Amino acid sequence: MAKNKLRKFAEINSFSNVIQPQSHHTISHFEYKGVWRNRFFRNNNPILLEIGCGKGEYSLGLAKAFPGKNFIGIDIKGDRIWKGARDALDQGLHNVAFLRIQAQHIGTFFGKHEVAGIWLTFPDPQERKTREKKRLTSPWFLQRYQQILAPGSPIHLKTDNRNLYEYTIAVIKEERHILECQTDDLYGGNQIDEPVVTSIQTYYEKKFLEERRPIHYLKFFLDE
Ligand SMILES: C[S@@+](CC[C@H](N)C(=O)[O-])C[C@H]1O[C@@H](n2cnc3c(N)ncnc32)[C@H](O)[C@@H]1O
C-alpha cells in the first residue's frame, strides 16, 4: 500500500470525528444507535446523512450552512473520509462526523426515525443490470432508508449519470414515493430554490462540470 495511504489510515484512528466500527457481523448493539444526538454530538439537533461522501465536501459545506443541525458523512473508503475529517478538525466544525461503513448496513447504526434527511452525492451508478440492488436509490436501499428516516424527511440525489437519474424517477413512481422537484440540468435549467444545492460542490461534481456534463438533481420523500 502507498506510504501516504498508510499514514492516513494510522492518523484517522486518532480522529475524534471518525467512527470506524468493527464488522457489522460482530456488533450486537452499536453504542450510538438511537442516541447519536445526545451521546455523540451532545446536543438535541437533527441528524442528516451524506451517503457515499467521498472526501466529505458536502457534509462540511452543509455543517457550515446549518450550524443547528448535525451531519454524518458515510463512506467505506478511509483515505477519502480522512480528508473531510481532517478539514473539519482544522476548521473547528463540531457538527460534522464521519462513519466508515458499507451503506448496506445502515440499519445497524441508526435507530428508527433517527435521521432527518439524506444526501446522495454522485453515487456510483452501478449501471450493469446485475448491480441494480447496489444502486443507492434502488428499492432495496430505499427500504433501508425508510427504517431510519423520520416521517417527512427529504432524500436529495445529485448525479451526472442520466441513467441513474431516470432509473430513480422510475423507482419513485413505481413505489409511489413523492417527487418534490427534479432537474436534468441543475446549472442550466430551472432554478432550485435551496441555495446549498448549487453552492456546495463535491470533488466529483467539480470534475464533471469541467467536462461540461450536465448535473441532474432530484428531491423526494418516501411514502409512509
Ligand atoms: C463517485 S464517488 C463520489 C464521492 C463524493 N460524494 C463526491 O461527489 O465527490 C462514490 C463514493 O461512494 C462510496 N461508496 C460506494 N458505494 C458505497 C457503499 N455501499 N457504502 C459506502 N460507501 C460507498 C465510494 O467509496 C466513493 O467514495
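Residues numbered from 1 in each chain as written. Predicted model: local features only at pLDDT ≥ 70, side-chain atom pairs only at ≥ 80, totals over all residues. Heavy atoms only, no water.

S.K.: Sorry, what's going on with a positive patch on the surface here?
M.R.: On the surface, Arg128, Arg131, Lys133 and Lys134 cluster together to form a positively charged patch. Here Lys133 lies in the loop between β5 (115-121) and α6 (139-148). (Patch = residues over 30% accessible without salt bridge, like charges linked within 9 Å, V, L, I, M, F, W, Y side chains within 5 Å. Areas by Shrake-Rupley, 256 points an atom, 1.4 Å probe, with all protein chains shown as cover. Salt bridge = Lys/Arg side-chain N within 4 Å of Asp/Glu carboxyl O. Lys, Arg positive; Asp, Glu negative; His and termini not counted. Charge placed at Lys NZ, Arg CZ, Asp CG, Glu CD. Helix = DSSP H or I, 4+ residues; strand = E, 2+ residues; numbered from the N terminus.)

S.K.: Help me out: how do you make sense of the sheet that holds strand β6 (residues 154-159) in this one?
M.R.: Paired through their backbone hydrogen bonds, the strands of a sheet run either parallel or antiparallel. Strands sit in the order β1-β4-β3-β2-β5-β6-β8-β7 across an open sheet of eight strands; the sheet is mixed. Two strands bound the open sheet, and with one partner strand each, they are β1 (18-19) and β7 (178-183). Pairing between β5 and β6: four bridges, direction parallel. Bridging from a neighbouring strand, Ile118 pairs with Ile155 of β6. Across the face of the sheet, helix α4 (residues 78-90) comes into contact with β1, β3 (70-75) and β4 (96-100) while running at roughly 165° to β4. (Pairing = 2+ DSSP bridges. Contact = heavy atoms within 4.5 Å. Axes fitted to C-alpha atoms, helices over the stretch in contact; angles between N-to-C directions.)

S.K.: Which parts of the structure should I look at to understand the packing of aromatic side chains?
M.R.: Within this structure, the stated rule accounts for 16 aromatic pairs. On the numbers, 5.0 Å between centres and 80° between planes, the contact of Phe40 with Phe41 is edge-to-face. Each residue in the set Phe30, Tyr32, Trp36, Phe40, Phe41, Phe109 and Phe110 is aromatic and connected to the rest through ring pairs, giving one cluster. The ring of Phe66 has Lys69 sitting right over it, with the charged end atom 4.9 Å from the ring centre. Directly above the ring of Trp140 sits Arg144, whose terminal nitrogen or CZ lies 3.8 Å from the centroid. (Phe/Tyr/Trp six-rings, centres within 6.5 Å; stacked < 30°, edge-to-face > 60°. Lys NZ or Arg CZ within 6 Å of the ring centre and 35° of its normal.)

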